[in-house]
Amino acid sequence: MMDFALLLLQSESSGTGIFRFFAAFLLIATVFTGALGFTYWISKDE
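Residues take numbers from 1 onward in each chain, read along the sequence in its written order. Selection of residues for local features in this predicted model requires a pLDDT of at least 70, selection of side-chain atom pairs for listing and counting requires 80 or more, and totals for whole chains, interfaces and linings are taken over all residues. Side-chain numbers here rest on the full set of heavy atoms in the structure, without hydrogens or water.

**Regarding the packing of aromatic side chains**
- Aromatic pairing here means that ring centres of Phe, Tyr or Trp (its six-membered ring) are within 6.5 Å. Orientation follows from the plane angle: under 30 degrees is stacked, over 60 is edge-to-face, and everything else is tilted. Taken as a whole and judged by the stated rule, the model has three aromatic pairs.
- Arranged with centres 5.4 Å apart and planes meeting at 70°, the rings of F21 and F22 form a pair that is edge-to-face.
- Residue classification places F21 among the exposed positions, given a relative accessible area of 51%.
- Considering the side-chain rings of F38 and W41, the 5.8 Å spacing of their centres and the 45° angle between planes classify their relative orientation as tilted. Remark: W41 and F38 occur in helix α2 (residues 12–43); sequence separation between them is three residues, near one turn of the helix.
- Through successive ring pairs, a cluster of aromatic residues spans F21, F22 and F25. Burial status follows relative accessibility: with a 1.4 Å probe on protein chains alone, a residue under 20% of its type maximum counts as buried, one over 50% as exposed, and anything between as partly exposed. Helical segments are the DSSP runs of H or I of at least four residues, strand segments are the runs of E of at least two, and each set is numbered from the N terminus.

Written out as structure tokens, the structure is:
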């Protein structure tokens, strides 16, 4: 499995694809976490 990952990282096009995947994943995770945090903040009782 590690050999396959190293091969993917060594080829430029796949490396760019992996980078784009993680960038998109982090962006979606940030938006999702922000939405959950906003929902929690707006619905908490004080």
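**So, a nonpolar patch on the surface**
- On the surface, F21, F22, F25 and L26 cluster together into a nonpolar patch covering about 460 Å² of accessible area.
- Mapped onto the elements of the fold, F21 is located in helix α2. Put simply, a patch holds well-exposed residues, over 30% relative accessible area, that have no salt bridge, with like charges counted together within 9 Å and Val, Leu, Ile, Met, Phe, Trp or Tyr side chains within 5 Å. Only the protein chains shown count as cover for residues, with accessible areas throughout obtained via the Shrake-Rupley method and a probe of 1.4 Å. Salt bridge, as used here, is a side-chain nitrogen of Lys or Arg placed within 4 Å of a carboxyl oxygen of Asp or Glu.

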